[in-house]
Amino acid sequence: MDLLVNPTESSLLRFTTAGSVDDGKSTLIGRLLYDSKSIFEDQLLAVEESSKRRGDAHVNLALLTDGLRAEREQGITIDVAYRYFATPKRKFIIADTPGHIQYTRNMVTGASTADLAIILIDARLGVIEQTMRHTYLASLLRIGHIVLAVNKMDLVNFDQAVYDKIVADYMKFASGLENLPNVTPIPMSALNGDNVVEKSDATPWYTGPSLLQHLETVQVHTETAADAARFPVQWVIRPISDRNDAKLGNLHDYRGFAGRMASGTFRVGDDVLVYPSEMKTKITGIHTFEGPQPEAIPQLSYSITVADEIDTSRGGMIVKSNEPVQTAQEFDAMICWFADKKTLKPRGRFHLRHTTNDVRAVVTEVHYKVNISTLEKSAESKEFALNDIGCIRVRCATPIFFDAYSQNRTTGSFVLVDEQTNNTVAAGMIMKSLGNPDDFEDAGSAI
Amino acid sequence: MSAITHLQFLESEAIYILRETAAQFEKPALLFSGGKDSIVMAWLARKAFYPSRLPFKLLHVDTGHNFPEAMTYRDWFVQEIGADLVVGSVQKSIDDGRVQEEKGHNASRNKLQTVTLLDTIEEHQFDACLGGGRRDEEKARAKERFFSHRNEFGQWDPKNQRPELWNIFNGRKHFGEHFRVFPLSNWTEMDIWQYIRQENIPLPSLYFSHKRQIIERHGQLLAVGLNDERGNPIIPLLDEEKPRVKEMVIRFRTVGDASCTGAVESTASTIDDIVAEVAAARQTERGTRADDKRSETAMEDRKKEGYF
Ligand SMILES: Nc1nc2c(ncn2[C@@H]2O[C@H](COP(=O)(O)OP(=O)(O)O)[C@@H](O)[C@H]2O)c(=O)[nH]1
Ligand SMILES: [Mg+2]
């Protein structure tokens, strides 16, 4: 394989892997890294040596990712490990997360930045409780694409009937979910490499792509450019200088709002609303170090200037004037609780971090918790322990500017920070606002 | 709309992290070693705050074991991007009795840097230090956060790291604690080189092929003939090693403390040559560093103490 990524064409895909212990996750990742020549000799040598010292029967590729002393000593993955590999078409970032239920928080963390999830199934065992749990988490975090990797097909004689039944079982379960991602099932053997990089002769009945072909070509970001334009302000650039800049002219009055385009696009001349004041103005400049740009596109960073002197700073947001964002002090959200030494109870107080904002917040109600193995909702217990997922109501000291998480992963997400320890104790996804007559799903058409 | 390239994504992500650092901390500093990663990081910082000057200083922890080319480059670069430089000196830490020089012909000042770094952080009251560490470099780094918390002793607790979700980075801290921030976390060595090529970033000559007097020690190619500021050889030779010194055509894949930075035999004399060489390389760049070879978890152990 040619190793050189073409830097002018290659895009980025971020994915996460899920599956229960022994489904073949490490073997699959090892194979992708190995076949794309992303494992180096000294890494392989070091892994061989430690495998030998530990008395492992074969070279344990998990040692490549399990880097912390505690992980190596206990032979388990504790934390999210990020791995990198590239083909000429694309660069990949893998979030390798431990699959066990006690590591739900790590899965949620890995999933929060993933465009795609690979969910492994052992073909001998079929769809099990873990498969459903991982699929639920992927859909909760709004990962748009799932690859259902039906692995160890060599152990069921590459039997199409076995595969078809697993896929049918899975689709039956998955179609009951609220936001079903695109599902691409692939029969494979991670150990032998069938349908991992190359299409396999052992599955002539399978007409789809190999895993790598799929990863190289799947379209994941097409939606964000069409979404409502959202530009959270990180920092205000004020050179405070009378210098003449070659690209921008005299800098005396320069005042640029620095940030990253979360979604949608801006063009110079667009009518915009600037939060928190909700004042109307026009975009006069979209700047990068390279000079003035005609438009701002999703995921890229800019400094934006506007026509009027408008008071906004970190925590503010710029949007198009015909696409206002929700503003509210109180809202309902799904959360995953991350702390192991503390629980979440009604009346709990936190710092809430949302886009570039940081406000005081209190949990006013616990609506329900979800049993993530059965997907049943229960209001019996009002207390969240480590890894618990459920729906709460939050009230902030001042209004925040947001969209529903289902509409926008950046402006719909937040974390809760413990007031004493400063630790990040919960991940939150905003469902709907209160104290606002319109459900935000209708927000766009309400104006 | 076509998707952005992976280099555009990485650049924008790093700029986002740099701006978050400026916004969330009172007095950040950017750790500048003169190596390619810190050069790329400083380059990105200039972009992040343009047309302003950098809202923080560059901090160089000087081990006194320098390649002269790296020092010349450092002073030129700092001027070029219009930044201010603070230097923390390991030699001064030794003279002040804060640390003891390691003994023996294999001695290195790598570990001593940690004390100098922490002392300099304390002296200047820096509350966040931007580092050029990448997760693909080393297995302990693979678990490091973008915003990595340090307690009041400057230590890292790998088992008690804050989860990082979406684009939300939590820099809240108690008095006396600080953060290390790694804007290049998601970059690989190849990304760094492709970006240097795309941006035409000038580099210290050490990265390109040249002739040099070399001694091979424990499989490492070390540069001979360099002295510290007192005129003592940085790599003292054993008598039996002296006949083995030879001129070789080499370059450096990383540039750090001269006592433990190994060279590779190479004729790569342009960025294009280097990109091709990195693509074909079968060793990680860390494979050339003696400091990581001391034990399996050498990096994790140093990081816990407060290392970069
Ligand atoms: N026969 C067969 N064995 C496999 C396959 N994939 C993985 N294995 C084996 O299953 C065991 C568990 O794999 P591992 O990758 O460690 O699973 P993980 O716990 O999900 O990371 C190992 O002994 C692998 O060799 C496969 O496709 N076919
Ligand atoms: Mg594993």
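As the structure is a prediction and not an experimental result, all values here were calculated from the model.

*Asks:* Explain the site of ligand 1 to me, and be specific about the residues and the numbers.
*Replies:* Residue and element names in this part refer to chain A. Within the structure, ligand 1 sits among 15 residues, and Asp22, Lys25, Ser26, Thr27 and Asp154 are positioned closest to it. One of the backbone nitrogen or oxygen atoms of Asp22 is found 2.7 Å away from an oxygen atom of ligand 1. At 3.0 Å, a backbone N or O of Gly24 approaches an oxygen atom of ligand 1. Its free accessible area being 580 Å², ligand 1 has 78% of it covered by the protein chains. Top contributing element to the shell around ligand 1 by residue count: helix α1 (residues 25-35), with 3 residues. Residues belonging to the shell around ligand 1 are distributed by class as follows: 4 nonpolar, 6 polar and 5 charged.

*Asks:* Tell me what's going on with the domain arrangement of chain A, and back it up with residues and numbers.
*Replies:* Residues and elements named next belong to chain A. Domain boundaries assigned for chain A yield domain 1 (11-217), domain 2 (230-320) and domain 3 (326-446). Distance between the C-alpha centres of domain 2 and domain 3: 30 Å. Domain 2 puts 13 residues into the contact, and the matching count from domain 3 is 9 residues. Across the domain 2 to domain 3 interface the summed buried area is about 900 Å²; carbon plus sulfur atoms make up 59%. On the domain 2 side of the interface with domain 3, the three residues burying the most area are Arg230, Gly315 and Met317, jointly 43% of the side's total. Along the contact surface separating domain 2 from domain 3 lie 1 salt bridge. Note that Arg230 and Asp403 form a salt bridge whose closest N and O atoms lie 2.7 Å from each other. Remark: the boundary between domain 2 and domain 3 carries 5 residue pairs in polar contact (both at pLDDT 80 or more).

*Asks:* Residues and numbers for the domain arrangement of chain B, please.
*Replies:* Interface size is commonly expressed as the accessible area that is lost once the parts come together. Residue and element names in this part refer to chain B. In terms of domains, chain B is made up of domain 1 (6-190 + 297-305) and domain 2 (204-291). Computed from C-alpha atoms alone, the centre-to-centre distance between domain 1 and domain 2 is 24 Å. Taken together, the contact pairs 30 residues of domain 1 with 31 residues of domain 2. Together, the buried faces of domain 1 and domain 2 total about 2,600 Å²; carbon and sulfur atoms form 53% of this surface. Across the contact surface, domain 1 and domain 2 share 2 salt bridges. With a shortest N-O distance of 3.1 Å, Arg212 and Glu69 are connected by a salt bridge. On inspection of domain 1 and its partner domain 2, the count reaches 4 residue pairs in polar contact (both at pLDDT 80 or more). Contributing elements (two or more residues each) for the side of domain 1 that touches domain 2: α2 (36-49), α3 (68-80), α4 (90-95), α6 (189-199) and α8 (298-305). Top element by residues in the side of domain 1 that touches domain 2 is α3. It accounts for 4 residues. Residue classes in the side of domain 1 that touches domain 2 are distributed as 9 nonpolar, 11 polar and 10 charged.

Rules used throughout
- Residues numbered from 1 in each chain as written.
- Chains lettered and ligands numbered in written order.
- Predicted model: local features only at pLDDT ≥ 70, side-chain atom pairs only at ≥ 80, totals over all residues.
- Heavy atoms only, no water.
- Near = heavy atom within 4 Å.
- Polar contact = N/O pair within 3.5 Å; in protein donor to acceptor, adjacent residues only side chain to side chain.
- Areas by Shrake-Rupley, 256 points an atom, 1.4 Å probe, with all protein chains shown as cover.
- Helix = DSSP H or I, 4+ residues; strand = E, 2+ residues; numbered from the N terminus.
- Nonpolar A, V, L, I, M, F, W, Y, C, P; charged D, E, K, R; others polar.
- Domains from an automatic or database assignment.
- Contact = heavy atoms within 4.5 Å.
- Buried area = accessible area lost by both parts, 1.4 Å probe.
- Salt bridge = Lys/Arg side-chain N within 4 Å of Asp/Glu carboxyl O.

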